[in-house]
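Next come the chains, spelled out residue by residue.
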Amino acid sequence: MRARNYRPVKGMTYSRKEYIHGAPMPKITKFTMGNPRGEFSHRVSLTAQSDAQVRHNALEAARVAVNKYLSTNLKSTDYHFKILVYPHHVLRENKMMAFAGADRLQEGMRRAFGKPVGVAARVRSGQAVMLVEVDESALEAAKEALRRGAAKLPIPCRIV
């Protein structure tokens, strides 16, 4: 399946893990980096411009890109970086075999509920996805870091 199949928000959330057996853990594990107790003068956030579902591996890729840029250009005490969304929604896929003779092994749309393949965060238009707190001297570095992180996400984003 392609990523665009999971991007649109449709239906109710599928997030009751006590009823879902075999739901994978999200790849993203750290949500706060840098100096969370620091006092900073500026907040820069990455906000979504459309409703979408962001998969956990896209969030992890964006987190790595932003944190790597911030940690190479600033000291770890000079910024606070936080991911504001959590991937709750479990994604399902009705896996189909695509090789010769596969028609004898699969049932098509019969019992097509699907098995869990990943998790995603549901993001609304105008919702902040990531937040970086810095002082005025590091403001340009924070904007560039979020620009690099936005390239990893499947939705158009704005730096505010």
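Provided above is the structure to which this section pertains.
Let me begin by describing the structure that accompanies this report. (Residues numbered from 1 in each chain as written. Predicted model: local features only at pLDDT ≥ 70, side-chain atom pairs only at ≥ 80, totals over all residues. Heavy atoms only, no water.)

The next thing to look at is helix α1 (residues 56–73). Compared with the 26 Å implied by 1.5 Å per residue over 18 residues, the 26 Å span of α1 between its first and last C-alpha is a close match. Those residues of α1 hidden inside the fold are in contact with β1 (32–34), β3 (52–55), β4 (79–83), β6 (115–123), β7 (128–134) and α2 (139–150). (Helix = DSSP H or I, 4+ residues; strand = E, 2+ residues; numbered from the N terminus. Expected span 1.5 Å × (residues − 1). Contact = heavy atoms within 4.5 Å.)

This part covers the environment of R111. Along the polypeptide, R111 turns up in the loop between β5 (89–93) and β6. R111 sits in the exposed class, given a relative accessible area of 75%. Taking the C-alpha atoms as reference points, R111 and P156, separated by 45 residues in sequence, lie 35 Å from one another. (Buried < 20%, exposed > 50% of the residue type's maximum accessible area, 1.4 Å probe, protein only.)

Relative to the assigned elements, P154 resides in the loop between α2 and β8 (157–159). Considering only alpha carbons, one finds P154 and Q53, 101 residues apart in sequence, at a separation of 8.5 Å. Discounting residues that sit within four places of it in the chain, P154 has contacts with R7, Q53, V54 and A58.

Right, let's talk about the sheet that holds β6 for a bit. Taking strand neighbours across the sheet as the criterion, the three strands line up as β3-β6-β5 in an open arrangement whose pairing is antiparallel. Since the sheet does not close on itself, it has two edges, and those belong to β3 and β5, each with one partner. This sheet shows a mean twist of 50° between the axes of neighbouring strands, independent of strand direction. Note: β3 against β6, four bridges, orientation antiparallel. (Pairing = 2+ DSSP bridges. Axes fitted to C-alpha atoms, helices over the stretch in contact; angles between N-to-C directions.)

This brings us to the packing of aromatic side chains. Tallying each qualifying case throughout the model produces two aromatic pairs. Geometrically, the ring pair formed by Y14 and F113 is edge-to-face, given 5.7 Å between the ring centres and 80° between the ring planes. In this pair, Y14 is assigned in the segment before β1 and F113 in the loop between β5 and β6, connecting sequence segments 99 residues apart. Centroid distance F31 to Y86: 5.4 Å. Interplanar angle 35°. Geometry classified as tilted. Of this pair, F31 sits in the segment before β1 while Y86 sits in the loop between β4 and β5, placing them 55 residues apart in sequence. Between R92 and the ring centre of Y14, over which it is positioned, the NZ or CZ distance is 4.5 Å. The cationic tip of R92 hangs over the ring face of F113; the distance from NZ or CZ to the ring centre is 4.0 Å. (Phe/Tyr/Trp six-rings, centres within 6.5 Å; stacked < 30°, edge-to-face > 60°. Lys NZ or Arg CZ within 6 Å of the ring centre and 35° of its normal.)

Nothing here speaks to function; it is geometry throughout.
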